[in-house]
Each structure stands twice: as C-alpha cells, then as structure tokens.
Amino acid sequence: MDIAFVIEKFVLVAIIFGISLVIAMYSTYAERKVAAFLQDRLGPDRAGPFGILQPLADGVKMFMKEEIIPTNASKWLFMVGPGLAMLTACIGTAVIPWGTPITIGDRVIPLQVTDINVGVLYIFGVVSLGVYGVMIGGWASNNKYSLLSAIRAASQNISYEIAMGLSIIALLLVTNSMSVGEIVANQHGWRWNVLYQPVGFLLFMICAFAETNRAPFDLPECETELIGGYHTEYSSMKLGFYLFAEYINMFVSAAVMASLYFGGYNYPGMDWVLAHTGQVIGPLIGTAVFFLKIFAFIFFFMWVRWTIPRFRYDQLMHLGWKVLIPLAIANIIVTSIVIAVIEKF
Amino acid sequence: MGTSVFYFVATLSVIFSLMVIFSKNPVHSVLYLIVTFFTLTVHYILLNAQFLAVVNFIVYMGAIMVLFLFVLMLLNLNKDNEPLKSGLVKIVGVIAGCCLVVTIIGSLKATAISDPVLLKNPNLGLVKNLGKELFGPYMLPFELSSILLLTAMVGAVLLTKKEKA
C-alpha cells in the first residue's frame, strides 16, 4: 500500500463527500423551486439572485435555533439518531463508479472508491441500515407520535426491502456480476440494463421511493396523523440532519438507479469522444453525463412528490406485499426462462 | 497486523455481548446486540468471506434486529410495568444457569487448542466460489434447508390466522 494510493483514495472520498453534501444542499432549493414551478408560484427568490443563496440562509437558521432535548428522552440515543441517519446516508456512495479510470502519466486512477465483488449487496445492506436512524430517534424522543412513526418507518422499510432484493436478483441474472463497477462497465454505449429489465427497473424505483421515505411513501412523516413524525421532538441542526439525510439518500438512490439500470457514465458514441479528448477530459465527460442522469432522477423524485398524494397505510402494505413481491418473483422466473432459452439455442 | 486486528475486534465482540446481558433496558440490549453483529461482520471480512459478511450485515443487522427492536418498542418494557417474578422462577433460573455453566466447562475441558484450519482455497468465501459450491456438490442440502425455512414461515402465517367459525 503506497502513500500515493492512500492520498488518491482520500482525495476521492473527500470530493465525493463534498459533492453529496452540496447536491443535498441544493436539492432543498431545487425542491422548493420545482414545487413552485408545478404550482405556478415563484418559490424562494429573496436570498441572492433567483434565491440561489437560500440553502445557506436555511443552514444558518438551523444552526442558530435553540437546541432542545426533552427531559424524559434518552439523551445519548437522542443524539445518536440523527448522526446515524447521516452516516448511513453518506457511506452508500463508496461502491459507485463515477467514471472510466483517468490516466495521468503512467498512473491509472479509478473513479471509484472501492470495487468490492459484492457491491450490489453492500448498497442493499446500507439501505437496510438506514432505518435505524429513524427508529432510534423516534424511540429516544419518548413521544407517542414519534414512536408510532418510527414503527411505521421500520415496517415500511422491511416490506419494501424484500421487493427491492427480488428485483435486484433479476438484474443479477442479466449482468452475471455483483460488482457495481463491472455492471456499469458492461453497459457500454447503448446496452443499458433498463432495456433488458424494464419491469425490474420499475419495481426497483418504486422500492427506492419507499426506502427513502419520499412521497407518496412518506408515511413516517405524515403530518395529519403524526404531528411531524419521528422528528417531532427534534430542533436545531439535529432536525436539519434528518431532513438533510433524506436528500442525501435521494442523491444516492438516484446514483444507484442511474448506474445499475441507466448505464452510469456510459453514453452512445463514448468511444469516439474518449478517443478524441484524451485520457483526462474524456472520462470527466462521462462523469458529467452520469451526473446529468442523477439530476434527471432527482427531478423525477420531486416531480412525483408534488403530483401524487400520499398513500393510506393499508394501501402501502397492500402494494408492497401483494403487488410488488409477486411481480418481482414473476420477473425473476420470466428472466431466467428467457436466459435459459437463449443459452440453449 | 491481521492478528492484532482480530484481537481488537474480538475484544469488542466480547465486551458488547456482555453489555447485551448487563444493560437494564431491553432496547439498549438490542442495540448492543446490533453492534455485536457488526463486529461479527468484521470477523467474516477478516476471514475473506465477503459474501457471508455482507449477508450477515443484511439479514441479521438489517432485518432480524429491526424486527427485534420493532417488537420491543411496541411492548414498551420498562421497570414500572415489568411483572414481578416469583421465587420459584428465580430458583429455576439459578438451576438452569448452573447447568449451562457445567456444560460449558465440560465442553471447554474436552477441547484442545485447535489447529488453525488451512483452507485449500483462500478465496472460497467470494460469491462465485461459494455459489459454485452451494449449487454444485451441496445442492440437495441447500434446497432442503430452504424448504425448511419456507415451512416455518407458512406455519407462522397459519398461527396468526384466526380460524373462521
């Protein structure tokens, strides 16, 4: 392990961490602008030109608010909750390949922090850990509504994890690999997985909405029934962390969907571009394309939030267990039959 | 370096498993158990069994422990509403504990310091190799165990259904 390797990885991690935070920050701004656009309003326009400094103003506000820990709350766990939510939101990006390797001189720098051969399962594991932040925070608040919300979040996450896992299995049948790096590299040019797995992608995307607690699956924060949800008792930056973690989760799941199903950094005609722009600019164009896909997904998340009303709780469970899981199993069976037939002939 | 990391993580595992038993609040116990499972995941990684590590991570930490926590939070156990245990239960507990200690001491005396197992293929724990083993020579036991799990699940669902009169 040479020192250059450590520095290279450290810089990459720092850049990815910074980018996720900035994107999450500006997602809050984009969310309000998109909502305003869909509802024919102006949205935030006071702080800076077009309100572009709004996230900074919000951040300062969050930090300056009084911090309250309820008397009967479990103090230590009350503080662990938001921290855990942020942690699980941030570690998911470690296995995502951000572009083809950059070559500087004779040194090849891969734009991926680590390419473990169970990368897909790692993402899945991180997603399944995400619920602890909500559960611990909700329980530690010592508030009935928070607890109810935490329990809702837990049952929702477990239910939709199953459908998500099953939709990934069908994808793995097509890709023959569990390493995210290999999956993305195999989608060279136009051979995106969404063309082979349209149903799988749809299932995965619905489950991603449910796992990130985004509307129409935001039942853990259902204001009309639960006051504010699991973060009712939170104030100041601890509340900010919970809200922020949701936006980071949105960014990460957009990145995962873009890389598993929409080719990641691949785009038609990339060979020509790579050959003509050199070994540094070329891969960076791929990264830019990847981010365009991510932004498109984030916009889609917001579009859905301001279009579709929230589910009722029984509808949520019905959809998860009686519609998505059977569909996912049918998808696996059809995919494996098709693959077997193709291999035979 | 590998050995020192092992001893460090092993100490953590032991400490956190003790915390599971000694903490008064059942929810805290479950949280310590989650941390214990995390240290076990690290052990699997140290053994180069990546697939087992990640499955341990998903199944135990991500699913089973969430259910544990879920149930405990719903029950809302604490000192105020804990049922008083009768003296008989305590005596039974002491006897059962002593039996367990005797068994453990007996089995510990029977073991010698085991030789470190040398795997023929150190990469056995990687997904591809593990899958080939499981779906090759061990196909039948693997499928049978999955049927066993399915049976348990059907049984559990059946128990929750009320019989229609």
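Remember, predicted model here, so these are calculated numbers, not experimental data.

K.L.:
Sorry if this is basic, but what is going on with the overall build of chain A here?
P.N.:
Looking only at helices and strands, chain A has 13 helices and two strands in total. Counting only C-alpha atoms and orienting by the principal axes, one finds that chain A spans roughly 65 × 50 × 45 Å. Burial status across chain A gives 44% buried among its 345 residues. Considering only contacts in chain A between residues 6 or more positions apart, those separated by 24 or more positions represent 80%.

K.L.:
Got a minute to help me understand the UniProt feature "transmembrane region" (unreviewed entry) in chain A in this structure?
P.N.:
Residue and element names in this part refer to chain A. In this numbering, the UniProt entry assigns the feature "transmembrane region" (unreviewed entry) to residues 6-26, 76-99, 119-141, 162-184, 190-210, 239-261, 281-303 and 323-342. What you have in residues 119-141 is 91% helix and 0% strand, and the ends, taken at the C-alpha atoms, are 35 Å apart. Structurally, residues 323-342 is divided into 100% helix and 0% strand, and its ends, taken at the C-alpha atoms, are 28 Å apart.

K.L.:
Got a minute to help me understand the UniProt feature "transmembrane region" (unreviewed entry) in chain B in this structure?
P.N.:
All names here are of chain B. Per the UniProt record, the feature "transmembrane region" (unreviewed entry) sits at residues 6-23, 30-47, 53-75, 87-108 and 138-159. Between the first and last C-alpha atoms of residues 6-23 the distance is 25 Å; the span itself is 94% helix and 0% strand. Here residues 87-108 is 100% helix and 0% strand, with 32 Å between the C-alpha atoms at its ends.

K.L.:
Would you explain the nonpolar core in this entry?
P.N.:
If you look at soluble globular proteins, the nonpolar side chains tend to sit buried side by side. Membership of the largest hydrophobic core comes to 103 residues, with the highest contact counts inside it found for Met135, Ala150, Cys207, Ile248 and Phe251 of chain A. When residues in this core are grouped by element, the largest group, 15 residues, is from helix H11 (residues 236-261) of chain A. The contact partners of Met135 of chain A, leaving out residues within four places of it in the chain, are Ala150, Ala153 and Ala154 of chain A together with Leu69 of chain B.

K.L.:
What is the right way to read the packing of helix H4 (residues 119-129) of chain A against helix H6 (residues 144-175) of chain A from this model?
P.N.:
All names here are of chain A. The interhelical angle for the contact between H4 and H6, taken along N-to-C directions, is 170 degrees, at an axis separation of 12 Å. For the element pair H4 / H6, the angle class is roughly antiparallel. Taken together, the residues of H6 that come into contact with H4 (itself represented by Val120, Phe124 and Ser128) are Glu161, Gly165, Ile168 and Leu172. For the contact of H4 with H6, the residue count by class is four nonpolar, two polar and one charged.

Calculation criteria
- Think of each chain on its own: its residues are numbered from 1, step by step along the sequence as written.
- Working convention: letters from A go to chains and numbers from 1 go to ligands, in the order in which they are written.
- Local features are withheld for residues below a pLDDT of 70 in this predicted model, meaning they are given only at 70 or higher, and side-chain atom pairs are given and counted only at 80 or more; totals for whole chains, interfaces and linings count all residues.
- Only DSSP runs of H or I reaching four residues or more are called helices, and only runs of E reaching two or more are called strands; each is numbered from the N terminus.
- Any residue with 12 or fewer other C-beta atoms within 10 Å of its own C-beta is exposed, any with 20 or more is buried, and the rest are partly exposed; the C-beta atoms used are placed from the backbone.
- Placing C-beta atoms from the backbone, we regard two residues as in contact once those atoms come within 7 Å.
- UniProt positions are given in the numbering used here, feature names are shortened, and annotations may be inferred rather than shown by experiment.
- Note on terminology: a nonpolar core is a set of buried residues of type Ala, Val, Leu, Ile, Met, Phe, Trp, Tyr or Cys, with members joined through C-beta atoms within 7 Å.
- Note on geometry: axes are C-alpha line fits, over the in-contact stretch for helices, and angles between N-to-C directions span 0 to 180 degrees.
- Between 65 and 115 degrees an angle is taken as roughly perpendicular, under 35 as roughly parallel, over 145 as roughly antiparallel, and anywhere else as oblique.
- Throughout this entry, Asp, Glu, Lys and Arg are counted as charged residues, while Ala, Val, Leu, Ile, Met, Phe, Trp, Tyr, Cys and Pro are counted as nonpolar. The remaining residues, Gly among them, count as polar.

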